[in-house]
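Spelled out from the first residue to the last, the chains are:
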Amino acid sequence: SSGVQGIGVNYGLVGDNLPQPSAVVDLYKSNNIDGMRIFNPNHDVLEALRGSNIPLIVGVEHKDLQSLASDAYAANDWVQTNIAAYSPGVPFRYIVIGNEVIPGDLAQYVLPAMQNVQTALDSAGVQVNVSTSVALSVLGSSYPPSAGAFTPEAQTYMEPIIQFLATGGSPLLVNVYPYFAYRDNPAQIALSYALFTSEGVVVTDGAYGYKNLFDAMLDATHAAMEKVGGADVAVVVTESGWPSDGGFAANISNAQTYNQNLINHVGEGTPRRPAPIEAYIFAMFNENQKEAGTERNFGLFYPDEQPVYPISFV
């Protein structure tokens, strides 16, 4: 699969006024956005992406997890219908087996579904890695970052998944939102630390100094992974963003500051792993059928394709 040079953007479809997929692909290209993530294998989007050279992360719908986990034929069928039928015209980057389902009722299906889908991809001759995407609620401790550790409930699932990822050379996919950490604890966390605007080191953790919350959250994840044999497993940030309206500290100024600074920062890596980070902003559009409040206001663009605020991807 082709490499993501810069930063991608999540393309959600929970709206009744969004542009046609072909127009969205053009919008990605005209803004130099280097990668896309979609949450299910929408065939209209896949068709629009043919020949675009935009690397794509595609998710499995949660309703399909159990059948993919228990039935190799279902996994083969899913791969043939949604991936092989569009390859190599669409450069698939990763297949996401479950988004933020660990821990929870669906967690038990993640690893067997990953195994079945990876086997199906291999036998179809499609070279793409599978993974799962987790929220930072999988961490029981995250401060200081070196104390990062999975909750016992999450670790039951995360430890064998990380071993699977290590064996196949796949990354763990992580959704990292300093916005929510700041919103839930503004007395303890400075806004500048959440927005990448701190002048100096805010948190010292042994040899490492942290100037921003994003790096601290990511390195807490790295530390948790190292404790279960994942020192060599890369992390891809599949979601990060800041809402422009609808809640505490959600405004255009903060959203623009956060997302532009994120784009400018990911090339540096974190104190614990100073290599460029593959990351995807959430999200492309404000989606009017999501839950009212901040959920509807993470978009970089309005549905009429006008930017919510200026942002540069180059």
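Looking at an unreviewed UniProt entry, the chain carries the name Glycosyl hydrolases family 17, with the source organism given as Musa troglodytarum. Per UniProt, the comment on the chain under Sequence similarities (unreviewed entry) is "Belongs to the glycosyl hydrolase 17 family."

Caption draft 1: Just the packing of aromatic side chains, in detail. On inspection of all chains with the given rule, the structure shows 15 aromatic pairs. Centroid distance Y177 to F282: 6.3 Å. Interplanar angle 80°. Geometry classified as edge-to-face. In this pair, Y177 is assigned in the loop between strand 8 (172-175) and helix 7 (178-184) and F282 in the segment after strand 12 (279-281), connecting sequence segments 105 residues apart. Accessibility expressed as a relative area gives 10% for Y177, which makes it buried. With relative accessibility at 8%, the residue F282 sits in the buried group. Considering the side-chain rings of W242 and Y258, the 5.5 Å spacing of their centres and the 35° angle between planes classify their relative orientation as tilted. Of the two residues, W242 is situated in the loop between strand 11 (235-240) and helix 10 (252-265) and Y258 in helix 10; the sequence distance between them amounts to 16 residues. Each member of the pair, W242 together with Y258, is buried.

Rules used in this analysis
- Residues numbered from 1 in each chain as written.
- Predicted model: local features only at pLDDT ≥ 70, side-chain atom pairs only at ≥ 80, totals over all residues.
- Heavy atoms only, no water.
- UniProt positions renumbered as here; feature names shortened; annotations may be inferred.
- Phe/Tyr/Trp six-rings, centres within 6.5 Å; stacked < 30°, edge-to-face > 60°.
- Helix = DSSP H or I, 4+ residues; strand = E, 2+ residues; numbered from the N terminus.
- Buried < 20%, exposed > 50% of the residue type's maximum accessible area, 1.4 Å probe, protein only.

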